[in-house]
Amino acid sequence: LISRDITENKTLSEENQRLRRYLAHPRDLDSFIARSPAVKGALEMVEAVAPLDSTLLLTGESGTGKEYFVDLIHALSPRRGAPLVKINCAALPETLLESELFGHRRGAFTGAVADQPGKFVQADGGTLFLDEIGELPLPSQAKLLRVLQEKTVQAVGGQKEVRVDVRIVAATNRKLAEEVGAGRFREDLYYRLNVISIAIPPLRERREDILPLAEYFLAQFARQMERPLPRLSPQVRDLLLRHPLPGNVRQLKHAMERAVALGKGEIILPDDLPEDLNQDRPGLCLGPAFHPGQSLRGALEHFERDYLRRALEFHQGRRLETAQALGISRKNLWEKLHRLGLEDL
């Protein structure tokens, strides 16, 4: 009875913490910084599928904000009043993974001093987020597939199966189709998870969002550290827009945290940024990428849109100054912005 009370208190404490985090940082579409067409398309998918119970697979590079999308999906779903439980499949050894997912009974293995409900049971009625699903070992994949098919779980060392009602959202930075071909991921589990797929674009494909995100993080950390809100210098703004940012949103966020913590003035200078951003490496200025099936006209239009946006960002939205720097008239600049859908910048 004492063990059961401890387990129940722990579960209630975890649910209370999740609720506090959600109330402190509510998720909705309006709170998401999204100016680029790439991320707007992903958000439209989220809005369409959030009310459903279909299994979702989020794909994207590390640091693109997949967990934020999961929070948003849960907050917009009918299950938002129930728990959102998260587990990182790459962070646990195989020996503990099944216990975390399905739970265990007292005495099932050394150290199992009390019954422990697994993540499936904890998420009953809500959403279960399986992060880094591509790292799941093959034996665990087989057991997960059975749970998804039967919708029942059996704790390690237990005899009874427990029916659970959870919505599964999985995420990976791997190309699971290639993992299936290499024999590292079960094909049947892949198709069970890949009911609806949402691709989260990397930051280099949503450059319209880089500076708004940077300014959002600056304000966030300035408030947390109780410091005056600094501004990005033109040099830093240009550097951020030119950099490939392989670490995506996570890299940008950490850079702004460091800038607020170590910056000495009211303006963020290049020296306030981490070395991986600040060093002048060849290849920082990205040219247009080749996309099979895209016409030359479409590629040129995409490049023109990106170039004009970056020029406006560099000149902080000043139209006349931007036009003069580009060697065109202000009227010509306005016509281009209107044609390319950039008039709100």
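Visitor: Go over the nonpolar core, please, and point to the residues and values.
Guide: With 28 residues, the main nonpolar core has Phe120, Leu130, Ile133, Leu144, Ile168, Phe185 and Leu193 as its most contacted residues. For this core, the secondary-structure elements that each account for two or more residues are strand S2 (84–88), helix H4 (94–102), strand S5 (127–131), helix H6 (138–150), strand S8 (167–172), helix H7 (176–181) and helix H8 (187–193). Considering each element in turn, this core owes the most residues, 4 residues, to H6. When near neighbours in sequence (up to four residues on either side) are disregarded, Phe185 contacts Ile133, Gly134, Leu138, Gln141, Leu176, Glu179, Val180, Tyr190 and Leu193. Among the nonpolar cores identified, the runner-up in size contains 23 residues, and Leu203, Leu211, Phe217 and Ala259 belong to it.

Visitor: Any details on helix H11 (residues 248–262)? Residues and values, ideally.
Guide: A rise of 1.5 Å per residue sets the reference length of H11, with its 15 residues, at 21 Å; its end C-alpha atoms lie 21 Å apart and thus fit the reference within 8%. When we look at burial in H11, the residues that qualify are Asn248, Val249, Gln251, Leu252, Ala255, Met256, Ala259 and Val260. Down the axis of H11, the sector holding all buried residues measures 165°, keeping them to one side. The inward-facing, buried residues of H11 abut helix H9 (210–225), strand S10 (231–232), helix H10 (234–242), strand S11 (267–268) and helix H12 (275–278).

Visitor: Give me the sheet that holds S8: which residues, what numbers.
Guide: Pairing between sheet strands relies on hydrogen bonds along the backbone, with the strands arranged either parallel or antiparallel. On the basis of which strands lie adjacent, the open sheet formed by 5 strands has the order S2-S5-S8-S1-S9 and parallel pairing. At either end of the open sheet lies a strand with only one pairing partner, and these are S2 and strand S9 (196–199). On average, each strand axis in the sheet is tilted by 20° relative to the strand beside it, whichever way the strands run. As defined by bridge partners, strand S1 (residues 56–59) adjoins S8 across 4 bridges and the pair is classed as parallel.

Visitor: Account for the pairing of S9, naming residues and giving values.
Guide: Taking every second residue as pointing to the same face, the buried face of S9 carries Ile196 and Ile198, while none of Ser197 and Ala199 on the other face is buried. Where S1 meets S9, 4 bridges bridge the pair, whose relative direction is parallel. Bridging from a neighbouring strand, Thr59 pairs with Ala199 of S9.

Visitor: I'd like a description of the pattern of salt bridges, backed by residues and values.
Guide: All told, the structure shown has 22 salt bridges when counted by the stated rule. A salt bridge links Arg305 to Glu301; the shortest N-O distance between them is 3.5 Å. Pair noted here: Arg305 and Glu301 are both in helix H13 (residues 296–314), with a separation of 4 residues, about one helical turn. Owing to a relative accessible area of 33%, Glu301 belongs among the partly exposed residues under this scheme. In this structure, Glu321 engages Arg318 in a salt bridge whose closest nitrogen and oxygen atoms are separated by 2.8 Å. Among the ionic contacts, a cluster of salt bridges with common partners joins Glu135, Arg174, Glu179 and Arg184.

Rules used in this analysis
Per chain, residue numbering runs from 1 following the sequence as it is written. Where totals are concerned, whole chains, interfaces and linings use all residues; where local detail is concerned, this predicted model gives features only for residues with pLDDT of at least 70, and gives and counts side-chain atom pairs only at 80 or more. Processing note: side-chain calculations cover all non-hydrogen atoms of the structure and skip hydrogens and water entirely. Throughout this description, the term nonpolar core refers to a set of buried Ala, Val, Leu, Ile, Met, Phe, Trp, Tyr and Cys residues connected via side-chain atoms within 4.5 Å. Throughout, exposure labels follow a simple rule: accessible area from a 1.4 Å probe, protein chains only, divided by the maximum for the residue type, with under 20% read as buried, over 50% as exposed, and the rest as partly exposed. In this text, helices come from DSSP runs of H or I with a minimum length of four residues, and strands from runs of E with a minimum of two, each type numbered from the N-terminal end. Contacts are residue-level and defined by heavy atoms, with any inter-residue pair within 4.5 Å sufficient. Here, expected helix span is obtained from the residue count minus one, scaled by 1.5 Å. This arc describes the spread of directions from the helix axis toward the C-beta atoms. Criterion used throughout: strands pair if DSSP finds at least two bridges between them. Fitted lines through C-alpha atoms serve as axes, helices being fitted only where they are in contact, and the angles separating the N-to-C directions of these axes extend from 0 to 180 degrees. Salt bridges are counted wherever a side-chain nitrogen of Lys or Arg sits within 4 Å of a carboxyl oxygen of Asp or Glu.

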